[in-house]
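So the chains spell out like this:
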There are 2 protein chains.
Amino acid sequence: MTTQHDQDVADLRAFNRTYTRRLGLLDASYDGSPFTLSEARVLYELATRTDPVAAGIVRALGLDPAQVSRTIKRFTERGLVTSRESPAHGRHLLLSLTDEGRAAFSTLETNTKASIGQLIDGLHPLRRARLLAAARAINAVFEGDAPPAARLRGLEPGDLGMVTARQGFLYAGEYGWGRDHEALIAEIVARFHQDFDPAKDDAWIAEADGRMVGSIFLVRGEAPGTAKLRLLYVEPDARGMGVGQMLIEACVARARALGYRRLDLWTVTTLTAARKLYQRAGFQVVEETPCRRFGQDLVDQIWSLDLTA
Amino acid sequence: MTTQHDQDVADLRAFNRTYTRRLGLLDASYDGSPFTLSEARVLYELATRTDPVAAGIVRALGLDPAQVSRTIKRFTERGLVTSRESPAHGRHLLLSLTDEGRAAFSTLETNTKASIGQLIDGLHPLRRARLLAAARAINAVFEGDAPPAARLRGLEPGDLGMVTARQGFLYAGEYGWGRDHEALIAEIVARFHQDFDPAKDDAWIAEADGRMVGSIFLVRGEAPGTAKLRLLYVEPDARGMGVGQMLIEACVARARALGYRRLDLWTVTTLTAARKLYQRAGFQVVEETPCRRFGQDLVDQIWSLDLTA
DNA sequence: CCATGATTATTGACTCAGTCAACATGCTGG
DNA sequence: CCAGCATGTTGACTGAGTCAATAATCATGG
């Protein structure tokens, strides 16, 4: 048996191999460059950091101090770098590129840019877009060191469909609900927009790490003074980080602010995680009926929250 | 001014730097490994290919023949590899791992898997999913050497919403159409599903390189014997590779097969690319009326194709 | 059948990468 | 003031990577 974890490891290793073979040598040595990859990395650091010091470069690139020392020695011999003792710290050597050094860096930049440009241009537009999206994603994964925080925002183009797609996809996979479920969501979403009244309705998208990870909709109910909470969902990856609670709180607060006296919601007992969230937010079950829906035997529930308390 | 191309190059370079720093050393040398990265790569090839020959490894890894020769010599001295002359080809050396070689490879595998597993486990689930999706995408970009061909398939969970999302997003960006356009699509899509009759309706998704790149829907019309072509779209990346034509042909063929005598469609003059496709497929304009829609002044068109010809 | 060219493998020579240990020097916090 | 730490250098060594030369073998076309 192969677990998901094993598969992940295998995929990442496959990626590593592809990368080493196809991309690895790109960022540095175009053909005939006077610099090796490692030298180019050091030169890049020298050119881009302010007041470069050897130790800083060592840390930034994860290289051995000995190697950086020798590389800089070579650069000095080639007339690319000068160093002077730091006035503040006698042990620091302030490094700076000479004019020749800057010129060398500039042609290096031009050439590597050109060679990467060539790679990009050689790809089919479809693949190019995919490669770049993936590269940006990986970058983001390692750049953002803080754990990804979710934030709420309003609706943007594409969101309505995305909510439909994700919920349709997830409930089909997790609970085997049929396509009529997705169609139901599409209809709710479409009607939400047709009847939209900013004084009565609202919707939130939860976003984390640049991706939609959840949604919630606030829609006016049939009875005056009541509203409905609809289409709450949280992506599996993002569960357990308080996204659901955040969404419900925003929805309840807005319902209060708009003057509603009661907030209702419909769900089925199968969705245990959601039920816990409703409970914690103070909702109570007011109705429960067995029902056949989406190709499954389910138990419908209506929950209600008194907003006047 | 920074063009998209420049930005792409910069992003790919940034990715390259991130990679070299954060992932580069992973696939090979766990801490205290008796193999260098390059040696590990060669060992991997020795262990996984059938009837390994030095020249094959040279090509697969893009290494210098001299280096591979010396690496294998070291392996032989360490008792990891034996070689014998190929009976078929006197210049080929058939390499094979000894028992010790296989054992060394196996512990290497275990350890690198563990160290990659550690990296994966250290990431937030959200980021892990993102990293892996991106790694798989990059792999796919370089694995599929043939230009990505589009293929058609039926509806799957999530497709209805995805069609809505992509069309809403694209027409908002390209033509400034408002959110009511997205809501309209959501409604069409929802109604399509509610009224779905396999003997009268159909839908296709175009997929290329594992991604949805277009859609088309066939829906029965009000008048008997007539059908409507709806929701045709092609992703910008995938334009110019015949996806639109493929979709229309599938739709027209199915309409014929279901016995319809006429196929209508509604569009607006702004969508010039689509208009050309309709024209080439034999559609003709039967009605044209200026109209205000989606926050724009548009000219509605109804096109029609006689299927009895 | 043979000359020619391509492929395969090896070796020498060289520079740089990368690791480890030793060492000198300056700074910093009790 | 002194121990400990960070910074930078050097020596010694192995492997990576490049280039050129060489030798053996195979494939091919006249």
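Residues numbered from 1 in each chain as written. Chains lettered and ligands numbered in written order. Predicted model: local features only at pLDDT ≥ 70, side-chain atom pairs only at ≥ 80, totals over all residues. Heavy atoms only, no water.

As annotated in an unreviewed UniProt entry, chain A is MarR family transcriptional regulator from Caulobacter endophyticus.

Caption draft 1: How the structure looks around the relation of the copies chain B and chain A. The two copies are related by a screw motion: chain B maps onto chain A through a turn of 180° and a shift of 0.1 Å along the axis, at an RMSD of 0.3 Å. Such a combination of turn and shift is consistent with a two-fold rotation axis. The fraction of interface residues of chain B whose copies in chain A are also interface residues reaches 100%, indicating that both copies meet through the same surface. (Least-squares fit on C-alpha atoms with pLDDT ≥ 70 in both. Contact = heavy atoms within 4.5 Å.)

Caption draft 2: Broad picture of the interface of chain B and chain A. Taken together, the contact between chain B and chain A spans 86 residues of the former and 86 residues of the latter. Between chain B and chain A the total buried area reaches about 8,100 Å² when both faces are included, carbon and sulfur atoms providing 62% of it. At the boundary of chain B and chain A, one finds 10 salt bridges. Elements represented by at least two residues in the side of chain B that touches chain A include exactly helix 1 (4-22), helix 2 (37-48), helix 3 (54-61), helix 5 (99-121), helix 6 (125-143), helix 7 (159-175), helix 8 (179-194) and strand 5 (211-220) of chain B. A per-class count over the side of chain B that touches chain A returns 44 nonpolar, 17 polar and 25 charged. (Buried area = accessible area lost by both parts, 1.4 Å probe. Salt bridge = Lys/Arg side-chain N within 4 Å of Asp/Glu carboxyl O. Helix = DSSP H or I, 4+ residues; strand = E, 2+ residues; numbered from the N terminus. Nonpolar A, V, L, I, M, F, W, Y, C, P; charged D, E, K, R; others polar.)

Caption draft 3: Structural detail: the protein's contact with DNA strand C. Thr36(A), Gln67(A), Arg74(A), Ala55(B) and Arg91(B) are the nearest of the 24 residues found near DNA strand C. What you see for DNA strand C is that sugar and phosphate hold 70% of its atoms within 4 Å of the protein. Here a phosphate oxygen of DNA strand C sits 2.6 Å away from a polar atom, N or O, in the side chain of Thr36(A). Counting only elements with at least two residues in the surface near DNA strand C, the list comes to helix 2 (37-48) and helix 4 (65-77) of chain A together with helix 3 and helix 4 (65-77) of chain B. Ranked by the residues each element gives to the surface near DNA strand C, the list is headed by helix 4 of chain B, at five residues. Taken together, the residues of the surface near DNA strand C sort by class into eight nonpolar, seven polar and nine charged. (Near = heavy atom within 4 Å. Polar contact = N/O pair within 3.5 Å; in protein donor to acceptor, adjacent residues only side chain to side chain.)

Caption draft 4: Molecular detail of the sheet that holds strand 8 (residues 284-293) of chain B. All names here are of chain B. If you walk across this open sheet you meet the seven strands as 3-4-5-6-7-9-8, and the pairing is mixed. This sheet does not close on itself; its edge strands, each paired only once, are strand 3 (151-153) and strand 8. For this sheet, the mean inter-axis angle between neighbouring strands, taken without regard to orientation, is 25°. Bridge analysis of strand 7 (residues 262-268) against strand 9 (residues 296-306) gives seven bridges, and the strand direction is antiparallel. Each bridged residue has a counterpart across the sheet, and for Thr267 the counterpart in strand 9 is Gln301. (Pairing = 2+ DSSP bridges. Axes fitted to C-alpha atoms, helices over the stretch in contact; angles between N-to-C directions.)

Caption draft 5: Structural detail: unusual backbone geometry. Residues and elements named next belong to chain A. Residue Asp209 is not a glycine yet carries a positive backbone phi of 55°. Structurally, the position occupied by Asp209 is in the loop between strand 4 (202-208) and strand 5 (211-220). A positive phi angle, close to 55°, is found at Leu231, a residue other than glycine. Position of Leu231 among the secondary structure elements: in strand 6 (residues 226-234).

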